[in-house]
Amino acid sequence: MAIPSPLFPKWNIIVLLTIVAGFIAFFIGFASAQTSEVPEVEWNKTFGGNEWDSGQSVQITSDGGYIIVGRTESFGAGQSDVYLIKTNVNGTKQWEKTLGGSDADSGYAVQQTSDSGYIIAGYTFSFGPNYVDVYLVKTDSNGNMQWQRTFGMSGIPSADNRGYSVKQTSDSGYIIAGTTQSQSAGGKAYLIKTDSNGNLQWEKKFTRRTAGENVSLYFAGAKDVQQTSDGGYIIVGHTGLVLEPKTYLIKTDSNGNMQWDRTFSKGEWNTGESVQITSDSGYIISATEHIGEEGHDVYLIKTDSNGNMQWDRTFDGSKYDYGYEVQQTSDGGYIIVGDTSQAGGNSSAWLIKADSFGGYRWDKVLGGIDYDGGSSVKQTSDSGYIIAGWTKSFGAGESDVWLIKMASPITRESCVRQPTHSLPPNYTAGPWSFDIAEVNGDGLVIRNLMAVNNPLLEELSIPRFKLTHKIVGGFQEIAIEFNETTDFHHHQQGNIERDINTGIDTLYWGFEKKFN
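Parameters at a glance
- Residues numbered from 1 in each chain as written.
- Predicted model: local features only at pLDDT ≥ 70, side-chain atom pairs only at ≥ 80, totals over all residues.
- Heavy atoms only, no water.
- Core = buried A, V, L, I, M, F, W, Y, C linked by side-chain atoms within 4.5 Å.
- Buried < 20%, exposed > 50% of the residue type's maximum accessible area, 1.4 Å probe, protein only.
- Helix = DSSP H or I, 4+ residues; strand = E, 2+ residues; numbered from the N terminus.
- Contact = heavy atoms within 4.5 Å.
- Patch = residues over 30% accessible without salt bridge, like charges linked within 9 Å, V, L, I, M, F, W, Y side chains within 5 Å.
- Areas by Shrake-Rupley, 256 points an atom, 1.4 Å probe, with all protein chains shown as cover.
- Salt bridge = Lys/Arg side-chain N within 4 Å of Asp/Glu carboxyl O.
- Lys, Arg positive; Asp, Glu negative; His and termini not counted.
- Charge placed at Lys NZ, Arg CZ, Asp CG, Glu CD.
- Phe/Tyr/Trp six-rings, centres within 6.5 Å; stacked < 30°, edge-to-face > 60°.
- Lys NZ or Arg CZ within 6 Å of the ring centre and 35° of its normal.
- Pairing = 2+ DSSP bridges.
- Axes fitted to C-alpha atoms, helices over the stretch in contact; angles between N-to-C directions.

(A) Region of interest: the nonpolar core. One finds Leu 351, Leu 366, Val 377, Tyr 385, Ile 387 and Met 406 to be the most contacted residues of the largest nonpolar core, which totals 13 residues. Contributing elements (two or more residues each) for this core: strand S24 (334–341), strand S25 (347–354), strand S26 (360–366), strand S28 (385–391) and strand S29 (400–406). With three residues, the single largest contributor to this core is S29. Beyond its immediate sequence surroundings of up to four residues, Leu 366 is in contact with Val 41, Ser 348, Ala 349, Asp 372, Ile 387, Trp 402, Ile 404 and Met 406.

See the structure below:
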């Protein structure tokens, strides 16, 4: 958009813009500087015994507490059991239950049901006709089992069937998403619909495998499902050859018939882990991207309501980074949880906050001296976050269920200070601030440019640009070069300075503008 000429006379001016480091980090990667938006740990709890225990999913319950599901080798009847834990709002355990048989069983997803009980999806080696079957368990409000069901690809005893996501549907039944795989049939995304008592109503399998692709090498499955406003379902997972899968998004009608599907490819391969319906009726997907020798990155994808990509972002923390769950937050942005580790090093849980355009806001690494990870995250009513995962650094056993409550972040509307560095002669200077409206492949848009609390313009569009940065004298210098065909044709630079009293990181950014 053109700048109204009455606002800017035709001479060179220097504008000093002040931004907290969260905006800068979107461009330059994960800068060491972070803002006061980053939440602190309010409390954390561990649950388990002497053996291997882990948490896979957490939900906020109607009483303000939390329900966690995972697996335990410390308690129960078999090699491993479904592990269900209920806590109050402060993370104090109210009860715990184990569910399963004499073999290995595990829970991956839990949701509180309309009768205040719980529905759990996972897998079982103990029950069912196949090698591994999808395991669906319904409990009452105290975690006592009411019924259990198994599902799998019939007629193939060697089939491996697993449930990774379950939701109660509008008809009080349940929808389960998972995988089904065998040597003879290959892998498929698996969608199961039951009535309120867990009786099968229908099941569907989805794949993008073509006739020429080797069945035994085909790798496909579903990791998450949501019911959509039209009564249908949105499913995310992966599809492709073993070393070449792509994130797979599927939309079905209320009977599980495919309406459309989409694949998203970045890096050597990537796999979709979580999908949520966004406030604009589109979809947000968290995935993991493999980039060869460089390791793995967290991959975030935003689509419209028809599954067409609107933007995607990658987040690079250490060598190996994984994004397991994403949720839209109350400010329209997104919160992602996963884990991060260096090559050959221990892992940590990793929490990432992005704005509504996928721009990096902050991240938080959580863990100790051993292996730790985050599996599930939800925003709490106080604008904090609850995280479930696993830890070897803390707790009683080889690995414990880990529940972490992040406090509500302290946000700051603006941080405006006079520059401390000297300016060239014949330039006007003063404290300036602005809001970032949009950043995309075509450039950036800023709005509400202010100078000493006096508005200068409502919106300024800056075309395609290149940004570089370096560390100079302990400060990060930012340099931006704009397309020579635009009015912006001189380089811009600035540096980040930290206020030792407040811990606030501020960018002093000057740019020279010439009008034709």
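(B) Looking closely at a negative patch on the surface. A cluster of acidic residues, Glu 268, Glu 293, Glu 294 and Asp 316, forms a negative patch on the protein surface. Summarising the element assignment, Asp 316 is placed in the loop between strand S22 (309–315) and strand S23 (320–328).

(C) Expanded view of the pattern of salt bridges. Throughout the structure, instances matching the rule amount to 18 salt bridges. Where Asp 171 meets Lys 193, a salt bridge forms, and the shortest distance between an N and an O atom there is 3.1 Å. Of this pair, Asp 171 sits in the loop between strand S11 (160–168) and strand S12 (174–182) while Lys 193 is found in strand S13 (residues 186–194), placing the two residues 22 residues apart along the sequence. If you follow the salt bridges from partner to partner, you end up with Glu 42, Asp 382 and Lys 405 in one network.

(D) Just the packing of aromatic side chains, in detail. Enumeration according to the criterion identifies 15 aromatic pairs in this entry. With 5.9 Å between their ring centres and 80° between their planes, Tyr 123 and Phe 125 make a pair best called edge-to-face. Judged by relative accessible area, which is 9%, Tyr 123 ranks as buried. On the basis of relative accessible area, Phe 125 is assigned to the partly exposed category, the value being 23%. On the numbers, 5.6 Å between centres and 45° between planes, the contact of Phe 394 with Trp 402 is tilted. According to the relative accessible area criterion, Trp 402 is buried, its value standing at 5%. The rings of Tyr 108, Tyr 123, Phe 125, Tyr 131 and Tyr 164 are connected pair by pair, giving a single aromatic cluster. Over the aromatic face of Tyr 123 sits the side chain of Arg 162, whose NZ or CZ is 4.4 Å from the ring centroid. Here the basic side chain of Lys 223 rests over the ring of Tyr 164, its NZ or CZ set 5.0 Å away from the ring centre.

(E) Representation of the pairing of strand S14 (residues 200–206) within the structure. Pairing of S13 with S14, which is carried by six bridges, proceeds in the antiparallel orientation. Each residue of the ladder has a partner; that of Ala 189, found in S14, is Phe 206. From the end of S13 to the start of S14, which pair antiparallel, there are five residues, and Gly 198 there has a positive phi angle of about 80°.

(F) Focus on the sheet that holds strand S27 (residues 372–379). Sheet architecture is open: four strands sit in the order S2-S29-S28-S27, paired in antiparallel fashion. The sheet is open, and its two edges are formed by strand S2 (41–47) and S27, each paired on a single side. Looking at each pair of strands side by side, their axes are set apart by 20° on average, direction ignored. Both S2 and S29 contribute to a ladder of six bridges, which runs antiparallel. Across the sheet, the residue bridging to Val 41 is Met 406, located in S29.

(G) Focus on the sheet that holds strand S7 (residues 105–112). Here we have four strands laid out as an open sheet, ordered S7-S8-S9-S10, and antiparallel in their pairing. Here the strands that pair on one side only, and so sit at the sheet edges, are S7 and strand S10 (145–151). For this sheet, the mean angle separating the axes of adjacent strands, direction not counted, is 20°. Relative to strand S9 (residues 133–139), strand S8 (residues 118–124) is paired through seven bridges, and the arrangement is antiparallel. Pairing of Thr 124 across the sheet is with Asp 133, part of S9.

(H) Layout of a nonpolar patch on the surface. On the surface, Leu 217, Phe 219, Val 242 and Leu 243 cluster together into a nonpolar patch covering about 370 Å² of accessible area. Looking at where Leu 217 falls in the secondary structure, it is placed in the loop between S14 and strand S15 (218–227).

(I) Representation of the side chain of His 238 in the model. The residue His 238 is located in strand S16 (residues 233–241) in this model. Not counting chain neighbours up to four residues away, the residues in contact with His 238 comprise Phe 219, Ala 220, Gly 221, Pro 245, Lys 246, Tyr 248 and Thr 271.

Honestly, that's just the spatial picture; any functional story needs more than this.
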